[in-house]
Amino acid sequence: MVTLTETEKKRYDRQILLWGIDAQEKLKKAKIGIIGTGGLGSPILTYLAVAGVGKIVVADKDRVELSNLNRQILHWNKDIGREKAISAEEKLKQINPDVEIVSYPTEVTERNIGQIFQDVDALIDGLDNYPSRFLMNEYAWEKGLPFFHGAIWGLEGRVTTFIPGKTSCLRCLYSEAPPKAVFPVAGVTPGLVAILQTTEVLKYFTGIGELLLNQLLIYDGETMEFRKIKLTKNPNCPVCSR
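Just so we're clear, the structure is a prediction, and the values are computed from it rather than from any experiment.

Q: Describe the environment of Phe226, listing the residues and the values that go with them.
A: Positionally, Phe226 belongs in strand E8 (residues 225–230). Residues Phe226 and Gly157, 69 residues apart in the sequence, show an inter-C-alpha distance of 9.6 Å. Among residues more than four places away in sequence, those in contact with Phe226 are Leu192, Leu196, Leu217, Ile218 and Tyr219.

Here is the structure:
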């Protein structure tokens, strides 16, 4: 049985007022996997850590570059050239030493994804490319794990939550990977989208609120508008129709 220490009860006091001590203990028990410590991954990881998630498994093959620093807030000038996974782990342990952080400075592939995320309870998309997203999506369906998706472009962002057996999947939404390209982005966009993703994660584990199931939330920063579109399952989807 997972219980909170007295220090943790004080640290999470304001959250416990919102969802109760039992829900906070569920967060402490949770083990969450994420690929990416960049524009999406940095705020996701930060807010998972301060919320008191018990274990975070993070993977990222890249190294910090100067052009990352307008949005990847876990990485600083002194980290340029360092492995992002290690840089992120270092900061997260300072933010909340009670959270277990396991980092993999490596590319996640079909060969190692099962080893890296073998004991997680959920997967989060902190990525910037669709082949890797498709890999996470397929692994989530294979293992029956919720998959929290987010994507950005410029001042636009998209968020949804996929749950095997209850919703469509990422391959229903995108049958093919869009062409890979260097895309424009203001740091505030992944920050906002990441917060929405993390909110979904916290709602899932604490049981409060309604999740974005079979709904895609679209944010337009230029007009400051949010809208939802309904998602439907593709009966011929190569992943979730099997």
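Text resumes after the structure shown.
Q: Mind laying out the sheet that holds strand E5 (residues 147–153), listing which residues take part and the relevant values?
A: Strand order in the open sheet made by the eight strands is E3-E2-E1-E4-E5-E6-E7-E8, with mixed pairing throughout. With partners counted over all chains shown, the strands left at the sheet margins are strand E3 (100–104) and E8, one partner each. Between one strand axis and the next, the sheet turns by 15° as a mean value, whatever way the strands run. Two strands pair when backbone bridges link them, and strand E7 (residues 215–220) and E8 are joined in this way by six bridges, in the antiparallel orientation. Residue pairing across strands places Tyr219 opposite Phe226, the latter belonging to E8. With respect to the sheet, helix H6 (residues 130–143) is in contact with strand E1 (31–35), strand E4 (122–125), E5 and strand E6 (156–162), its orientation differing from that of E5 by roughly 165°.

Calculation rules
- Residues numbered from 1 in each chain as written.
- Predicted model: local features only at pLDDT ≥ 70, side-chain atom pairs only at ≥ 80, totals over all residues.
- Heavy atoms only, no water.
- Helix = DSSP H or I, 4+ residues; strand = E, 2+ residues; numbered from the N terminus.
- Contact = heavy atoms within 4.5 Å.
- Pairing = 2+ DSSP bridges.
- Axes fitted to C-alpha atoms, helices over the stretch in contact; angles between N-to-C directions.

Purely geometric stuff here, so don't read any function into it on its own.
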